[in-house]
Amino acid sequence: MRLTWPEHLQTARTLELTADDQRGEALALMGIALLVLAQDLLDQELDASVSRS
C-alpha cells in the first residue's frame with residue numbers, strides 16, 4: 001500500500017477527532033496507520049537504493 005505523505009497526515013488527523021468512547025479503536029487504527037507508514041518508508045528506501053545501484 002502506498003499512501004502519500006498528505007494521506008498519512010489526513011489519516012492521523014481523522015483518527016485524532018474520534019470521540020472518547022471510541023478512543024481504543026482509534027488507537028488501534030493509528031497503530032495500523034503507523035505500520036503502513038513504516039512499510040511505505042521502507043519500500044521507498046529500498047527503491048532508492050536499487051536505483052542508485
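For the structure, see preceding data.
Residues numbered from 1 in each chain as written. Predicted model: local features only at pLDDT ≥ 70, side-chain atom pairs only at ≥ 80, totals over all residues. Heavy atoms only, no water.

K.L.:
What is the right way to look at the overall build of the protein chain in this model?
P.N.:
Helix and strand counts for the protein chain come out as two helices and zero strands. In terms of overall dimensions, the protein chain has a C-alpha envelope of 50 × 15 × 10 Å along the principal axes. Buried positions account for 11% of the 53 residues belonging to the protein chain. Of the accessible surface of the protein chain, which amounts to about 4300 Å², a share of 64% is contributed by carbon and sulfur atoms. (Helix = DSSP H or I, 4+ residues; strand = E, 2+ residues; numbered from the N terminus. Buried < 20%, exposed > 50% of the residue type's maximum accessible area, 1.4 Å probe, protein only. Areas by Shrake-Rupley, 256 points an atom, 1.4 Å probe, with all protein chains shown as cover.)

K.L.:
Can you walk me through helix α2 (residues 23–52) in this structure?
P.N.:
Owing to its 3.6 residues per turn, the α-helix aligns residues three or four sequence positions apart on the same side. The first and last C-alpha atoms of α2 sit 43 Å apart over 30 residues, in line with the 44 Å expected at 1.5 Å per residue. Those residues of α2 lying buried are A26, A33, L37 and D40. Against the buried residues of α2 lie α1 (5–16). (Expected span 1.5 Å × (residues − 1). Contact = heavy atoms within 4.5 Å.)

K.L.:
Looking at this structure, how should I read the pattern of salt bridges?
P.N.:
Close approach of charged atoms lets side chains of opposite charge pair. Taken as a whole and judged by the stated rule, the model has two salt bridges. A salt bridge links R23 to D20; its shortest N-O distance comes to 2.9 Å. With relative accessibility at 65%, the residue D20 sits in the exposed group. Close ionic contact of E45 with R52 constitutes a salt bridge, the shortest N to O distance being 3.9 Å. (Salt bridge = Lys/Arg side-chain N within 4 Å of Asp/Glu carboxyl O.)

K.L.:
So what exactly am I meant to see when it comes to the packing of α1 against α2 here?
P.N.:
It is the contact of α1 with α2, at a shortest axis distance of 10 Å, that shows an interaxial angle of 170 degrees. It follows that α1 is roughly antiparallel to α2 by the angle criterion. In contact with W5, H8, T11, A12 and L15 of α1, α2 contributes A26, L29, M30, A33, V36, L37 and D40. Residues that form the contact of α1 with α2 fall into these classes: nine nonpolar, two polar and one charged. (Axes fitted to C-alpha atoms, helices over the stretch in contact; angles between N-to-C directions. Parallel < 35°, antiparallel > 145°, perpendicular 65-115°, else oblique. Nonpolar A, V, L, I, M, F, W, Y, C, P; charged D, E, K, R; others polar.)

K.L.:
Would you mind going over the environment of L37 with me for this structure?
P.N.:
For L37, the location among the structural elements is in helix α2. Residues L37 and L15 lie 22 residues apart in sequence; the distance between their C-alpha atoms is 15 Å. Not counting residues within four places of it along the chain, the set of residues in contact with L37 comprises W5 and H8.

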